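Below are the chains, spelled out letter by letter.
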Amino acid sequence: MPDLDMRATRLLYIENDPALRKILGGMLSGCQELELLGSFGKVEEVMDRTLVRKADVALIDFSLDQDGLNGVELGIALRNINEYIGVVIYSQFSVRPMVNRVPKSMRAGWSFFNKSAEMDLNDYVSILKATASGKGNWEAVLEADTNSQDGEASVFFALTP
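Quick caveat: nothing in here was measured; it's all calculated off a predicted structure.

## Looking at the overall build of the protein
Regarding its fold elements, the protein presents seven helices and five strands. Taken across its 161 residues, the protein has 42% of its residues classed as buried. Within the protein, counting contacts between residues at least 6 apart in sequence, those at least 24 apart form 72% of the total. Accessible surface computed for the protein: about 9400 Å², of which carbon and sulfur atoms make up 50%.

Written out as structure tokens, the structure reads:
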């Protein structure tokens, strides 16, 4: 049987911290299972409709710009351009309250996780590929221990839209 080469998962990476963007972006771009289409520090840099339509998944930091879109809002904007793009939100804040910011009709193919120095490249690749295939973890995140201590940022998420 011939060896079938699978196409690499096409990724957009959006992170406002230049040091983290360089370190993690370098790791992601060196992975054969991923094709890094672009690494961006600002929302307006990633809004090229042609580029977004090519992407399978976007890895987005939640806290992008105090005066602009946050990661969830950017994910929704990307979904309005490419309805099939998987969206992965990661943050130093508790991600559980972020799920409710995504419209229920749009939650398939969304994943959320907390930034952690303990994650390795395989962890990122696994989450990105699963999310790109429509298998997000948002349900598991919502079911997470509700007794856990959310940071002060959770007050923001208690507000109604």
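That shown, we press on.
## Some thoughts on the packing of helix 1 (residues 18–29) against helix 5 (residues 121–132)
Two packed helices can be described by the angle between their axes and the distance between those axes. Direction vectors running N to C along helix 1 and helix 5 enclose 70 degrees, while the axes themselves pass 10 Å from each other. Judged by the inter-axis angle, helix 1 sits roughly perpendicular to helix 5. Here L24, M27 and L28 of helix 1 come into contact with helix 5, specifically with L121, Y124 and L128. Here the residues of the contact of helix 1 with helix 5 are counted per class, giving six nonpolar, no polar and no charged.

## What to know about the packing of aromatic side chains
A full pass over the atoms with the stated rule returns three aromatic pairs. Centroid distance W110 to F112: 6.0 Å. Interplanar angle 20 degrees. Geometry classified as stacked. Between the aromatic rings of F113 and Y124, the centroid separation amounts to 5.6 Å while the plane-to-plane angle is 75 degrees, which identifies the pairing as edge-to-face. Within this pair, whereas F113 is found in strand 5 (residues 110–114), its partner Y124 is found in helix 5, the two being separated by eleven residues in sequence.

What counts, and where the lines are drawn
- Residues numbered from 1 in each chain as written.
- Predicted model: local features only at pLDDT ≥ 70, side-chain atom pairs only at ≥ 80, totals over all residues.
- Heavy atoms only, no water.
- Helix = DSSP H or I, 4+ residues; strand = E, 2+ residues; numbered from the N terminus.
- Buried < 20%, exposed > 50% of the residue type's maximum accessible area, 1.4 Å probe, protein only.
- Contact = heavy atoms within 4.5 Å.
- Areas by Shrake-Rupley, 256 points an atom, 1.4 Å probe, with all protein chains shown as cover.
- Axes fitted to C-alpha atoms, helices over the stretch in contact; angles between N-to-C directions.
- Parallel < 35°, antiparallel > 145°, perpendicular 65-115°, else oblique.
- Nonpolar A, V, L, I, M, F, W, Y, C, P; charged D, E, K, R; others polar.
- Phe/Tyr/Trp six-rings, centres within 6.5 Å; stacked < 30°, edge-to-face > 60°.

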